[in-house]
Amino acid sequence: MNAQLLIQLLVNGLVVGTLYGVVAMSFVLIYKATQVVNFAQGELLLVGAWVCWALMVKYQVPFYAAMPITMVFMFVFGILIQMVFLRPMIGEPIISVIMVTIALSTVLQASMKWIFGVNPQPFPPIFTSQSVHILGLQIQTVYVMSLVVSLAMMAAMAWFFQASKHGLAMRATAFDQQVAQSLGISVKNVFAMSWAISATVSAVAGVVVAVVNGVSSGLSIYGIKVFPATILGGLDSIGGAVLGGVIIGLLENFAQFIDGEYLHWGNLYEVAPFYVLIIILMIKPYGLFGTKDIERV
Amino acid sequence: MANSMIPAGDFRTSYAADTTIFPTVTSRNVAIASVVLICFAPYLFSEYWLSLLIQIGIYGIAALGLNVLVGFTGQISIGHAAFFLFGAFSSAYLSTKIGVPAFFAIPLSGVVTALVGLVFGLPAARLKGLYLAIATLAAQYILLDFFARAEWFSGGSVPAMAEPFSIFGYVFQGDRQYFYVVLAYVVTCYLLVTNMMRSRDGRALVAVRDHYLSAEIMGINLTKYRTLSFGVAAFFAGVGGALYAHYQLVVSYEGFGIERSILFLAMIIIGGTGSIMGTLMGTAFVVLLPEVMEWVSSVLAGGAIDQALGLKTNITFLREIAIGVIIIVFLVFEPDGLAHRWHQIKAYWKLYPFSH
């Protein structure tokens, strides 16, 4: 039993898990507001990270300026995606909408490879010190930043939904579209807004991952890991998504520990979340906090 | 859709007449004639074109299964490539390690694949379509990981070998002979599905797709039919995969990631969800698209467009982009696919010059 390694891995798990939580949160945001299962969530991370990388490396923009530009770009990008690709699909069967997002993920993934090449690129260093000591553990600065940014985004999201007018409009739309419309909420704007916010939040997560691991098409795996997280937490619960993300992140690293110490199977790290997904679907298909679907006509 | 082409005065007076495979005598004759004609393909086409035809046949069978699931039942699978590959590996395993003749190994591996599919599909098939999508996504990753790991089954990092197809001691060698094997399977599978769709079970699937609540009220067991449809999809994926294994004679898990599953979805969307012949059209479209793009890029080579896009080096990405864009365009502008367009062309000529 290697306690030092276990703790190190669990810290990793917590950091990665909060990131999963953030991405899952933005996934659930789209699902709740617009009933779209977004298979292109990971590609939003990818686009955001590449844009920020291009700004910093190709155009020599400093980080404090590149980040806001990326966020604004992704905000507009999210609105555009919703308007061009998903607005025509309103009212179509759910599988058509799913297939549009799958196709979208292919297009974005391939376009990024086309524009920026297939090789992973390191992100320019942002912090001067490599690591800090917290409670006797050596933790990389980027991990601390990642955790702080993730928690900040979660707090911002919580404030947005609890207190702001747009957030309330979104919650009303998610609750009942017709009632929301009759109260004077523009459902069209809410749909576009939810994609914009989701894209922006994902892009920030994407940049954080890129700072830690460099930019590559592997980033889009975060979009796939969203599914175990959200199924665990309940497909339509934002709090559940965050908790599910953290649990999946911890579980991944715990699986890696078990794998490395005892089983020696290889990449249990990567597939463990999917086993969890299947098990959850078997025993508790609506997740920890999801609403049980009561079918109505 | 198909019924719109029935000539005036041709009334159906019994249920049997209403559920015939071919609506008219001509359509039956055309179908038989085209199968007979395609039998001469090995003598007419070069090896290269023949290999493309074989690919269309193999992928067409797998896509047919997916169309039963997506087009007729309204569920969705994003793990079709993994099931296809499972069929390939299990047929290779059955034929080399256990010694089952390839003739029996192919349908048998279809059954095995269906059983494995049900392990993943069973929890999700009771729920709505999007849960099956997520479960099959998990299956895609779990199965590919399994293939990379299970050396006894798939050879792990070493590709698995498969025996060549043989029947009563006669070994089919080369593309020219294997073509007939694939053709026989394609005809059998397409007839099977056409028959299934006009039976009680097939109509139940369509009812589940159109309105699951009404279907349930009419006494259709939703869980049973959703599971059945998923099993059928996995079965045909397995059969297609097994044919692929005995065609290539070597099976490796590379190139069967999620992109391949998306290609299978592209085939049925382009061809037409819920159209049996459309599946074949869509498969042909997707298989021939790279060839067309290759040809276009060779025509444009050296020109301004070539220099701007860097066609030679970027053709793989451009192909992926094209597939994605084509899926979206079809979903938005032509949700019924090529099959619908084909019917419109036929109707145009039939009604010419009085199109209304």
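Details of the structure are given in the entry above.
Here is what the cut-offs are and how they apply
Residues numbered from 1 in each chain as written. Chains lettered and ligands numbered in written order. Predicted model: local features only at pLDDT ≥ 70, side-chain atom pairs only at ≥ 80, totals over all residues. Heavy atoms only, no water. Helix = DSSP H or I, 4+ residues; strand = E, 2+ residues; numbered from the N terminus. Rg over C-alpha atoms; globule rule 2.2 N^0.38 Å. Buried < 20%, exposed > 50% of the residue type's maximum accessible area, 1.4 Å probe, protein only. Contact = heavy atoms within 4.5 Å. Areas by Shrake-Rupley, 256 points an atom, 1.4 Å probe, with all protein chains shown as cover. Lys, Arg positive; Asp, Glu negative; His and termini not counted. Charge placed at Lys NZ, Arg CZ, Asp CG, Glu CD. Axes fitted to C-alpha atoms, helices over the stretch in contact; angles between N-to-C directions. Left-handed = near helix turned anticlockwise from the far one by under 90°. Phe/Tyr/Trp six-rings, centres within 6.5 Å; stacked < 30°, edge-to-face > 60°. Buried area = accessible area lost by both parts, 1.4 Å probe. Salt bridge = Lys/Arg side-chain N within 4 Å of Asp/Glu carboxyl O. Polar contact = N/O pair within 3.5 Å; in protein donor to acceptor, adjacent residues only side chain to side chain. Nonpolar A, V, L, I, M, F, W, Y, C, P; charged D, E, K, R; others polar. Core = buried A, V, L, I, M, F, W, Y, C linked by side-chain atoms within 4.5 Å. 1 Å grid on protein atoms, 1.4 Å probe; cavity = no way out; pocket = protein on both sides within 12 Å on 5 of 7 lines; lining within 4 Å. Points joined across faces, edges and corners; volume = space filled by probe spheres on them. Expected span 1.5 Å × (residues − 1).

### Notes on the overall build of chain B
Argument step 1. Counting its secondary structure elements, chain B contains 17 helices and four strands.
Argument step 2. A compact globule built from 356 residues should have a C-alpha radius of gyration of about 21 Å, and chain B, at 21 Å, falls within 12% of that.
Argument step 3. Projected onto its principal axes, the C-alpha coordinates of chain B cover approximately 60 × 55 × 45 Å.
Argument step 4. Within the span of chain B, comprising 356 residues, buried residues form 50% of the whole.
Argument step 5. Residue pairs in contact within chain B that sit at least 24 positions apart in sequence constitute 77% of those at least 6 positions apart.
Argument step 6. Accessible surface computed for chain B: about 16500 Å², of which carbon and sulfur atoms make up 68%.

### Digging into the overall build of chain A
Argument step 1. Scanning chain A from terminus to terminus reveals eleven helices and two strands.
Argument step 2. Of the regular secondary structure in chain A, the N- to C-terminal order runs α-α-α-α-β-β-α-α-α-α-α-α-α.
Argument step 3. In terms of overall dimensions, chain A is globule-like: its C-alpha atoms have a radius of gyration of 19 Å, near the 19 Å expected for 297 residues.
Argument step 4. Residues counted as buried form 56% of the 297 residues belonging to chain A.
Argument step 5. Considering only residue pairs separated by 6 or more positions, chain A has 74% of its internal contacts joining residues 24 or more positions apart.
Argument step 6. In the form shown here, chain A has an accessible surface area of approximately 13200 Å², with 66% of it arising from carbon and sulfur atoms.
Argument step 7. Treating the 11 positive side-chain charges of chain A as one cloud and the 10 negative ones as another, the clouds have centres 12 Å apart.

### Quick word on the packing of helix H2 (residues 41-58) of chain A against helix H8 (residues 187-213) of chain A
Think of two packed helices as two axes; the pair is described by the angle between the axes and how far apart they sit.
All names here are of chain A.
Argument step 1. Remark: H2 packs on H8, axes separated minimally by 7 Å, with the N-to-C direction vectors making an angle of 65°. H2 and H8 meet at a crossing whose hand is right-handed. Within the contact between the two elements, H2 uses Gln41, Leu44, Leu45, Gly48, Ala49 and Cys52 and H8 uses Ser198, Ala199, Ser202, Ala203, Ala205, Gly206, Val207 and Ala210.

### Details of the packing of aromatic side chains
Residue and element names in this part refer to chain B.
Argument step 1. As enumerated under the stated definition, the model contains 39 aromatic pairs over all chains in all.
Argument step 2. Aromatic pair Phe165 and Tyr178: ring centres 6.5 Å apart, planes at 80°, arrangement edge-to-face. Linking Phe165 in the loop between strand E1 (160-161) and strand E2 (166-167) with Tyr178 in helix H9 (residues 174-198), this pair joins segments that are 13 residues apart in sequence. As far as the burial class goes, Phe165 and Tyr178 line up, both buried.
Argument step 3. Judged by centre distance (5.6 Å) and plane angle (20°), the ring pair of Tyr178 and Tyr247 falls under stacked. Of this pair, Tyr178 sits in helix H9 while Tyr247 sits in helix H12 (residues 222-248); the two residues are 69 residues apart in sequence, bridging distant segments of the chain.

### Remarks on the interface of chain B and chain A
Argument step 1. Each side of the interface is counted separately: chain B has 40 residues, and chain A has 43 residues.
Argument step 2. Taken together, both faces of the contact between chain B and chain A bury some 3900 Å²; the carbon and sulfur share is 80%.
Argument step 3. Here chain B is connected to chain A by zero salt bridges.
Argument step 4. Applying the counting criterion to the chain B and chain A interface returns zero residue pairs in polar contact (both at pLDDT 80 or more).
Argument step 5. Of the residues in the side of chain B that touches chain A, the class split is 31 nonpolar, four polar and five charged.

### Quick look at the side chain of Thr283 of chain B
Argument step 1. When you line up the elements, Thr283 of chain B lands in helix H14 (residues 276-300).
Argument step 2. Excluding anything up to four places from it in sequence, Thr283 of chain B contacts Ile56, Tyr59, Gly60, Ala63 and Met267 of chain B.

### Considerations on the nonpolar core
Argument step 1. Grouped together as the largest cluster of nonpolar side chains are 203 residues, with contacts concentrated most on Phe39 and Phe123 of chain A together with Tyr131 and Leu243 of chain B.
Argument step 2. Considering each element in turn, this core owes the most residues, 15 residues, to helix H4 (residues 47-72) of chain B.
Argument step 3. Apart from the residues lying within four places of it in its own chain, the contact partners of Phe123 of chain A are Ala49, Cys52, Trp53, Met56, Phe63, Val207, Ala210, Val211, Gly214 and Val215 of chain A.

### Here we look at empty space enclosed by the protein
All names here are of chain A.
Argument step 1. Within the structure shown, the criterion is met by one cavity of 30 Å³ or more.
Argument step 2. Size it by volume and the largest cavity reaches roughly 40 Å³.
Argument step 3. Taken together, Leu46, Trp50, Gln109, Met112, Lys113, Gly117, Val118, Asn119, Ser216 and Ser217 make up the full set of residues lining the largest cavity.
Argument step 4. Taken together, the elements giving at least two residues each to the lining of the largest cavity come down to H2 and helix H4 (94-116).
Argument step 5. Per-element tally for the lining of the largest cavity: the top contributor is H4, with three residues.
Argument step 6. Partitioned by chemical class, the residues of the lining of the largest cavity number four nonpolar, five polar and one charged.

### Things to note about the environment of Ser51 of chain B
All names here are of chain B.
Argument step 1. Counting through the fold element by element, Ser51 comes out in helix H4.
Argument step 2. A residue is classified by how much of its surface remains accessible, and Ser51, at 13% relative accessible area, is buried.
Argument step 3. Taking the C-alpha atoms as reference, Ser51 lies 19 Å from Leu85; in sequence the two are 34 residues apart.

### A look at helix H3 (residues 63-86) of chain A
Argument step 1. For H3 of chain A, with 24 residues, the first-to-last C-alpha span of 32 Å sits near the 34 Å given by 1.5 Å per residue.
Argument step 2. All of the buried residues in H3 of chain A are Ala66, Met67, Thr70, Met74, Phe77, Gly78, Ile81, Gln82 and Leu86 of chain A.

### Regarding the pattern of salt bridges
Argument step 1. For the coordinates displayed, the defined rule picks out five salt bridges over all chains.
Argument step 2. The residue Lys225 of chain A makes a salt bridge to Glu252 of chain A at a minimum N-O spacing of 2.8 Å. Here Glu252 of chain A lies in helix H10 (residues 238-263) and Lys225 of chain A lies in helix H9 (residues 221-233), a separation of 27 residues in the sequence.
Argument step 3. In this structure Glu252 of chain A comes out as buried when scored by relative accessible area, which is 0%.
Argument step 4. The partner of Asp145 of chain B in a salt bridge is Arg149 of chain B, and the shortest N-O contact between them spans 2.6 Å. One end of the pair is Asp145 of chain B and the other is Arg149 of chain B, both in helix H7 (residues 129-149) and four residues apart, which spans about a single turn.
Argument step 5. Exposure remark for Asp145 of chain B: the relative accessible area of 7% places this residue in the buried category.

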